[in-house]
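# A closer look at the structure
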Amino acid sequence: YQTVVSDTLLAVRISYYDILLAAQQITVREASVKLLQQELDDQQRRYDAGTVPRFNVLRAEVAVANARPQLIRVRNAYRIGKNRLVNLLGFNLPPEVLEEVPLQLTDRLDTAPYQVELPAAIAQALGNRSEIGSLRKAEALRREDIVTARAGYLPSLQAFAGYGVRKSSFETDLSAEKHGWFIGGQVGWDIFDGLLTQGKVVSAKAAHEKSITELDDTMRNVELEVRTSYSDFIEAREVLDSQKKVQEEAEESLRLAKARADAGTGTQLDVLNAETALTEARTTQSLAQRDYAVAVAKLERAIGITTTMTTR
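What this report covers is the structure whose coordinates are included nearby.

### Concerning helix α2 (residues 54–89)
With 36 residues, α2 extends 54 Å between its outermost C-alpha atoms, agreeing within 8% with the 52 Å of an ideal straight helix rising 1.5 Å per residue. Following α2 by one or two positions, Gly-90 adopts a phi angle in the positive range, close to 80 degrees.

This is how it looks when you write it as structure tokens:
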């Protein structure tokens, strides 16, 4: 049960982060279309003034047209993400709700520092994971089954006592009854049972050995899951750190490209390339934030501390 709870919480967290990512991507793509549209308007004015050729206007129109499908796709991803989250939460949508689910998330992608050491994470996972705890209890039960099976080699003692009322079959008076206490005992010992007890002991030992193997195998898999999740977390953290100043640099590059184009020392292609680079930087940064949040969630699930939603 606890395993299902943890897996469900992880699925909800990932779905939640996907919606936040889609919302940020919508903002990025809208800004990109806006920038390209401004460039198109500027080139159209220059063309009307006779300072640039028609080619510049056509190239700007193509850039705007190429940017719009990306905006449409991220809007669709946002709609689909909300539907998935509603399904995971177990909500039944009213019949009047069509393609746009009235669900607004007010949170943002969490990129707060998360500190964890691999040895401590592995030790914590081996102690916390519900799958391992279940198999440990199963192994203890199989060990007790061996003791129960070996009991067949020993004599059995049964004792009984009670108070009874009965009618005598030799009395002519139908109302005559005999009352009294009774007590007794019985000892049994199967000296030869056709090797039944031996077979039960062998079967119990095999089941115990199987439970030990399953426990060891699960512990290795959990350790592998922790190591993999930790490696993904390190990757996501490094990517996120590498993107901290890229957006600022891309914005400055766009500003310089526009200034050079206005001064006549730059080209329209430089401006379009700078706008594309800025969009890519913003997209990569939002993806890095989502991947970092998901990596933390998966690492916490691997460690076994996602039984309740945590707020950092």
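### Brief notes about the side chain of Ser-229
With respect to the element layout, Ser-229 can be found in helix α5 (residues 196–242). With residues near it in sequence (within four places) discarded, Ser-229 still touches Lys-298, Leu-299 and Ala-302.

### Structural notes on the environment of Ile-212
Residue placement: Ile-212 occurs in helix α5. C-alpha of Ile-212 to C-alpha of Leu-35: the two residues are 177 residues apart in sequence and 63 Å apart in space.

### Side note on the nonpolar core
The biggest cluster of nonpolar side chains holds 23 residues, and the ones touching the most others in it are Tyr-114, Val-116, Val-226, Tyr-230, Phe-233, Tyr-292 and Leu-299. Elements supplying a minimum of two residues to this core: α3 (118–128), α4 (130–150), α5 and α7 (268–303). Those residues in contact with Tyr-292 that lie beyond four places of it in its chain are Asp-110, Thr-111, Ala-112, Pro-113, Tyr-114, Phe-233, Ala-236, Arg-237 and Leu-240. Counting residues in hydrophobic clusters, the runner-up holds 17 residues, among them Ile-19, Val-33, Ala-63 and Ala-67.

### Regarding the pattern of salt bridges
In this structure the tally under the stated criterion is 17 salt bridges. The partner of Glu-300 in a salt bridge is Arg-13, and the shortest N-O contact between them spans 2.7 Å. Of this pair, Glu-300 sits in helix α7 while Arg-13 sits in helix α1 (residues 2–49), and the two are 287 residues apart along the sequence. For the pair formed by Glu-300 and Arg-13, the shared burial category is buried. For Glu-139, the salt bridge goes to Arg-143, with nearest N and O atoms at 2.6 Å. Placement of the pair is Glu-139 and Arg-143 together in helix α4, with a separation of 4 residues, close to one helical turn. Take Arg-143: its relative accessible area is 39%, and that puts it in the partly exposed class.

Reading guide: rules and limits
- Counting restarts for each chain: residues are numbered from 1 in the order of the written sequence.
- Only residues with pLDDT of at least 70 are given local features in this predicted model, and only at 80 or more are side-chain atom pairs given and counted; all residues enter the totals for whole chains, interfaces and linings.
- Heavy atoms from the whole structure form the basis of all side-chain values; hydrogens and water molecules are not counted.
- Counting from the N terminus, the helices are DSSP H or I runs at least four residues long and the strands are E runs at least two residues long.
- To estimate the expected span of a helix, count its residues, drop one, and scale the result by 1.5 Å.
- The contact definition used throughout considers only heavy atoms, calling two residues in contact when any of these lie within 4.5 Å.
- Take the buried Ala, Val, Leu, Ile, Met, Phe, Trp, Tyr and Cys residues and link them wherever side-chain atoms come within 4.5 Å; each set so joined is a nonpolar core.
- Remark: exposure states derive from per-residue accessible area (1.4 Å probe, protein chains only) relative to the maximum for the residue type, with buried under 20%, exposed over 50%, and partly exposed in between.
- Just to be clear on terms, a salt bridge is a Lys or Arg side-chain nitrogen sitting within 4 Å of an Asp or Glu carboxyl oxygen.

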